[in-house]
Number of protein chains: 2
Amino acid sequence: MIDETHIEALRSLLGVKGLLTAPADMAGYETGARYDSGRAAFVARPASTSEVSAVVAYCVKNGIALVPQSGNTGLVSGSTPDGSGTQGVLSLDRLVAPFELDPVNRTLAAGAGLRLSEVNRRLEEEGLFFPIDLGADPRLGGMLATNTGGSRFLRYGDVRRNTLGLTVVLADEAGTVLKLGSGLRKNNTGVDWKQLFIGTSGAFGVITECELNLEPVPRQVATAYLVPSAPERVSDLLVAMEQALGSYLSAFEGMSGNAITAALSHVPSLRNPFQSGVVPEFVILAEISRSSPSREGEQPLDAVLEEVLGAVFERADTLLADAFVGPPQEMWALRHALSEGVKHSGRLIAFDLSFRRGDIMRFLARMKAEMPKQFPDISICDFGHIGDGGVHFNLVVPAEDPRLADGGFEGRLREWVFKVAVEDFGGSYSAEHAIGRKNQVFYDLYTPEAIRRLAAGLREITSPGPLGSVNF
Amino acid sequence: MIDETHIEALRSLLGVKGLLTAPADMAGYETGARYDSGRAAFVARPASTSEVSAVVAYCVKNGIALVPQSGNTGLVSGSTPDGSGTQGVLSLDRLVAPFELDPVNRTLAAGAGLRLSEVNRRLEEEGLFFPIDLGADPRLGGMLATNTGGSRFLRYGDVRRNTLGLTVVLADEAGTVLKLGSGLRKNNTGVDWKQLFIGTSGAFGVITECELNLEPVPRQVATAYLVPSAPERVSDLLVAMEQALGSYLSAFEGMSGNAITAALSHVPSLRNPFQSGVVPEFVILAEISRSSPSREGEQPLDAVLEEVLGAVFERADTLLADAFVGPPQEMWALRHALSEGVKHSGRLIAFDLSFRRGDIMRFLARMKAEMPKQFPDISICDFGHIGDGGVHFNLVVPAEDPRLADGGFEGRLREWVFKVAVEDFGGSYSAEHAIGRKNQVFYDLYTPEAIRRLAAGLREITSPGPLGSVNF
């Protein structure tokens, strides 16, 4: 518990709406999107950068730990308090200003508390959008703190690539406010400090505002399901598609048959798109798009995609004949339902891995070969972003499996998967979810001593106060 | 002068080819591409990361200052020694390994001493390239240390966006070698440390190797010269072109009539492309390109560009009728000759500025109005990258002008331009040349105290030894 005088002091800084202490009010801030939950000493909801600064300064001076929380949709326990009841949640949910569009610059100055869906809804009329495509609907601050990537990384990159400026509050006794960068696209006048706050889970400072790059909304989109002739031909297929399509190609997603089957079983609105009714072992969802409106005399994008698939099929043995072009909305609906389907198939143990693009299918083949020996009766329901090397490597254990009662089972399984992915394949144990309490242990295990020393030094010069859920 | 025992010790680390001390051998390393020159105590030319580490460690332990030098094509006196004769040059020119292409991953692991032209020549057969388009031919290490942008930023971004991994040597007593990132495109496992070494002129460590993103070489290119109906309509023209062309648009460059006239006068191989013979006040070079090969039935890119220009001309009063599509090589030849032409028109005082895109033409208008009053008889020969906000703002003073004999004249002129650009317009005083001795004074002037403190702290935890030409 936290001293009542602190609660009073914080309330006087933030007003009644700005501080929650009743258990019922705090509940939604104490539980994460997927994993464990904790207990908050209070929930601070500052409505401006200067209020954030005041709260942070007060808490640093009084040794009160704060965990910044944005949309709370993360999957690594990065934004919820621990179980001690001594940490305050610093919610960004009232930081919804500014919202200033500069259409000539194609940039938006935005409060970190705005949700992705709201940002894009408000930009729709201008024909612009913030081009990060995700299943979840996070707030901007959390997207920045985790450097989300998503399904159109191949075309648009991650949050880092699309961030031109940040306002951050440091956890020092002054609650120092830094304005790092602005709307300039080219600017090389020293260290690009904003980079340190992107993808670092709020450990070095609290992001309160940002300036984002926007892109023209695609006006023409075509999608196809491709069935590779064999899993090991997927990389050749990717290269062939990139050579034929260049920057038209905006997504190249992989979906395992197991994940598709799980989605079809558990999401009633979907229909099986495969004519034979048989779900293939592995399917690629390829998307091409143009941000230019279609012009008279121009070949429709569906026809372009069909022609290219025909040529790829002719040229090399990478593709089975049953590739087909179909309606983008329906094809993406299946892709986006995979996560939901997998979650309902049993007990989910999920990994957010990445590899060099050529290694993904090799890793999956090795897992398919060794999993039955090491951990039998586990279903591999992977899907992900072949085009950028990302794999949501999902393992489903039958719900009634007695091993789930063994407290050490999940840990041993995770350790083994990470060992193969990181040590044998040089992959990443956190491709796009960043670090939270959930994978602190793997940060500690896989981060070289020299880098951990640097991180501790950086913490000291930026935010020496107790901030965030990660110990970098 | 430096003690002969140090010279002997360094020679034993690097071998005879690895250490230059004869004045004639060192001369090329002492003089920069455009500005002043200095005097080197020695030139160290390590041939591997471990030799760099050994040299740096030796120099840190013995208090010998090192200035890393890459292709030495920079324009801010960042890579040459000062005049004291006590600094050693640490040349990257023998760091030409590795050169390892991963075609599926579309990445290249490369030594920092490779020249851009050589990298792209060796990649040509694969249909890939490192997509940074520059007039100069730097080595990779310097491109990274200055985060070069160039003319295709609009499509491909800067060096930062295209860097997946770095190997750096810190200036500490151990000459610590850090391997930061690798070929992974999605990887969020802590601080993205490589970002600190990109664009910081070698002050925090020496870059010895890198892993770079490659892009498919464009297979179809079309270019046009556009004459805006008035300078203030350039931003509307840019927006109209982006709306019509989306990601086809790969360059949108501005060229002042003065710069064009200078190039036509001083570069004999050029011909005046304007039918009337009269050079317009301001011309845009627009380029569209596709990395996909042209397919039968597809509209040629020249025709696409002509059609779009026709529609833009119809729709709004942004464009004069005399826009014309022409051969890309010839159109770019003029653009690339501007720098050379301007240099030969008198005494050049050059600025590398950037703005929000909508501010560029406003800044230029203000300069055109005020320059004759503040600093008469100076010709404004600007050109640059309207699409990304960059302006090479060049001032040409007549060669025999008596003001050039006044030591304070250039400083006063620079101060005034920077004041308007940075203070009044929120622009950058170094868009893509980074910081060197040349603009240290503006770094000191325009960098907030809190940021300078952070930079000093960062220096302390990374490279406390004497390294580089900049005092961050």
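Note: the structure precedes this text.
Here's what I pulled together on the structure shown here. All figures in this text were calculated on a predicted structure; none of them were measured in a lab.

Cut-offs and rules
Residues numbered from 1 in each chain as written. Chains lettered and ligands numbered in written order. Predicted model: local features only at pLDDT ≥ 70, side-chain atom pairs only at ≥ 80, totals over all residues. Heavy atoms only, no water. Helix = DSSP H or I, 4+ residues; strand = E, 2+ residues; numbered from the N terminus. Rg over C-alpha atoms; globule rule 2.2 N^0.38 Å. Contact = heavy atoms within 4.5 Å. Lys, Arg positive; Asp, Glu negative; His and termini not counted. Charge placed at Lys NZ, Arg CZ, Asp CG, Glu CD. 1 Å grid on protein atoms, 1.4 Å probe; cavity = no way out; pocket = protein on both sides within 12 Å on 5 of 7 lines; lining within 4 Å. Points joined across faces, edges and corners; volume = space filled by probe spheres on them. Nonpolar A, V, L, I, M, F, W, Y, C, P; charged D, E, K, R; others polar. Least-squares fit on C-alpha atoms with pLDDT ≥ 70 in both. Buried area = accessible area lost by both parts, 1.4 Å probe. Salt bridge = Lys/Arg side-chain N within 4 Å of Asp/Glu carboxyl O. Polar contact = N/O pair within 3.5 Å; in protein donor to acceptor, adjacent residues only side chain to side chain.

## Quick notes on the overall build of chain A
Consideration 1: Across its full length, chain A holds 14 helices and 19 strands.
Consideration 2: In terms of overall size, chain A behaves like a compact globule, its C-alpha atoms giving a radius of gyration of 23 Å where 472 residues would be expected to give roughly 23 Å.
Consideration 3: Its C-alpha atoms give chain A principal-axis dimensions of about 75 × 60 × 45 Å.
Consideration 4: In chain A, 72% of the contacts between residues at least 6 apart in sequence involve partners at least 24 apart.
Consideration 5: Chain A carries 44 positive and 57 negative side-chain charges, and their two centres are separated by 2 Å.

## Some details on empty space enclosed by the protein
Consideration 1: Within this structure, the stated rule accounts for six cavities of 30 Å³ or more.
Consideration 2: Looking at the largest cavity, its volume works out to about 120 Å³.
Consideration 3: Counting only elements with at least two residues in the lining of the largest cavity, the list comes to strand 14 (282-290) of chain A together with strand 14 (282-290) of chain B.
Consideration 4: Tallied by class, the residues present in the lining of the largest cavity amount to four nonpolar, ten polar and four charged.
Consideration 5: By volume, the second largest cavity is sized at about 70 Å³.
Consideration 6: In terms of lining, the second largest cavity is formed by 13 residues, of which the most central are Gly32, Ala33, Gly74, Ser77 and Thr80 of chain A.
Consideration 7: Taken together, the residues of the lining of the second largest cavity sort by class into four nonpolar, seven polar and two charged.

## A word on the relation of the copies chain B and chain A
Consideration 1: For the pair chain B and chain A, the relating rotation is 180°, the translation along its axis is 0.0 Å, and the fit reaches an RMSD of 0.0 Å. Look at the turn and shift together and you get a two-fold axis relating the two.
Consideration 2: Both copies contact each other with a shared surface, as 100% of the interface residues of chain B are interface residues in chain A too.

## Considerations on the interface of chain B and chain A
Consideration 1: Counting residues at the interface gives 81 residues for chain B, matched by 81 residues for chain A.
Consideration 2: In total, about 6,600 Å² of surface goes out of reach between chain B and chain A, with carbon and sulfur atoms giving 55% of it.
Consideration 3: Among the residues chain B hides against chain A, the three largest losses belong to Lys186, Asn188 and Arg356 of chain B. Together they make up 14% of the total.
Consideration 4: There are 14 salt bridges connecting chain B and chain A.
Consideration 5: Measuring nitrogen to oxygen at the nearest pair gives 3.4 Å for the salt bridge that ties arginine 160 of chain B to aspartate 192 of chain A.
Consideration 6: Summed over the shared surface of chain B and chain A, the number is 38 residue pairs in polar contact (both at pLDDT 80 or more).
Consideration 7: Secondary structure elements with two or more residues in the side of chain B that touches chain A: helix 6 (153-156), strand 9 (177-180), helix 7 (234-245), helix 9 (301-315) and helix 14 (449-462) of chain B.

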